[in-house]
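# A closer look at the structure
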Amino acid sequence: MTASASADLWHHYGRTRHTTDRTVPDTFRWSWGQDCGPGPDILGDLSGLYVADLGAGAAREAAHLAVHHRPARIVAVDASPAQHAMATDLYGHLAPRLRLVRSDAVEHLRAAPGTYDVLYSVFGAVDFTEPRHLLPAAASALRRGGRLVFSTLAHHLGGAPAQPDVRHAEIPVMTPDGESATMRRWVLQEHVWTGLLAEAGFTRISAGLLPAGQGQRAADTLLLTARRGPLS
Ligand SMILES: C[S@@+](CC[C@H](N)C(=O)[O-])C[C@H]1O[C@@H](n2cnc3c(N)ncnc32)[C@H](O)[C@@H]1O
């Protein structure tokens, strides 16, 4: 059955953990397995900076940065009412350093030209949004020289290779009522991401592979970093 366009397809994500783990995580990992690889240091020194998490979910990573680093402001953006509600319940008390915003990331970024020093996404909005819309919006919302960092799947779950061009996959999900539905996910090869970033006005683009750990749903992670160049 097809879900109505308004169904919150992120209703179930992280719901069990929400009831059992209310802590501010003391680590931040980019990798799919959350078990290895670099931490937030690759974002640079965040002291006094304006930062946004694109597709923050329950805002666990953003809460970590708000508590363990000293950004002037970190904005956790998520379009899902369910995820925003979980984030508000868990970390609303970290305001005003942590600001929780329910919005589509592209809309939020387009309304904030030249605002941010750092944007990041951990398997977040970058994975689930048309990149030819999201990446130019991210470039325009960054100050010149500002940084974009995101982790994304290096291949499809199950092992099929990433796409060699800008094409999304339809992945199975469940509506809040338990009906079957699909959503779009962009799983792209490294050269496709780096080309999209360059087209969007980013420079100093680099990519690294974080190998999968153990387990059935283990997956390699692609970690991309880029700086906003001088946009015309
Ligand atoms: C797999 S979850 C990751 C959440 C979080 N980054 C984490 O590591 O737990 C993806 C999140 O991206 C959000 N998302 C997807 N597309 C979005 C968009 N265009 N704007 C805002 N949020 C979006 C979803 O609502 C969901 O909460």
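Residues numbered from 1 in each chain as written. Predicted model: local features only at pLDDT ≥ 70, side-chain atom pairs only at ≥ 80, totals over all residues. Heavy atoms only, no water.

Neighbouring the ligand are 19 residues; Gly 55, Asp 78, Asp 104, Ala 105 and Thr 129 lie closest to it. Glu 61 places a polar side-chain atom, nitrogen or oxygen, 3.0 Å from an oxygen atom of the ligand. Between the ligand and Thr 129, the relevant distance is 2.9 Å, taken from a nitrogen atom to a side-chain nitrogen or oxygen of the residue. Bound to the protein, the ligand loses 90% of the 600 Å² it would expose on its own. Counted by class, the shell around the ligand contains nine nonpolar, seven polar and three charged residues. (Near = heavy atom within 4 Å. Polar contact = N/O pair within 3.5 Å; in protein donor to acceptor, adjacent residues only side chain to side chain. Areas by Shrake-Rupley, 256 points an atom, 1.4 Å probe, with all protein chains shown as cover. Nonpolar A, V, L, I, M, F, W, Y, C, P; charged D, E, K, R; others polar.)

Of all nine residues that make up helix α2 (residues 60–68), seven are buried, and the element is covered over most of its length. Structurally, α2 contributes buried residues whose contacts are with α1 (15–20), β1 (50–54), β2 (73–78), α3 (81–91), β3 (98–102) and β4 (116–122). (Buried < 20%, exposed > 50% of the residue type's maximum accessible area, 1.4 Å probe, protein only. Helix = DSSP H or I, 4+ residues; strand = E, 2+ residues; numbered from the N terminus. Contact = heavy atoms within 4.5 Å.)

Further remarks concern the pairing of strand β9 (residues 221–228). Across the eight residues that make up β9, a large majority, seven, are buried. Bridge analysis of strand β5 (residues 142–153) against β9 gives seven bridges, and the strand direction is antiparallel. By the bridge assignment, Phe 150 is partnered in β9 with Leu 224. (Pairing = 2+ DSSP bridges.)

For the coordinates displayed, the defined rule picks out seven aromatic pairs. Centroid distance Trp 10 to Tyr 13: 5.3 Å. Interplanar angle 90 degrees. Geometry classified as edge-to-face. For Tyr 13, a relative accessible area of 52% gives the class exposed. These aromatic residues form a ring-pair network of at least three members: Trp 10, Tyr 13 and Phe 128. (Phe/Tyr/Trp six-rings, centres within 6.5 Å; stacked < 30°, edge-to-face > 60°.)

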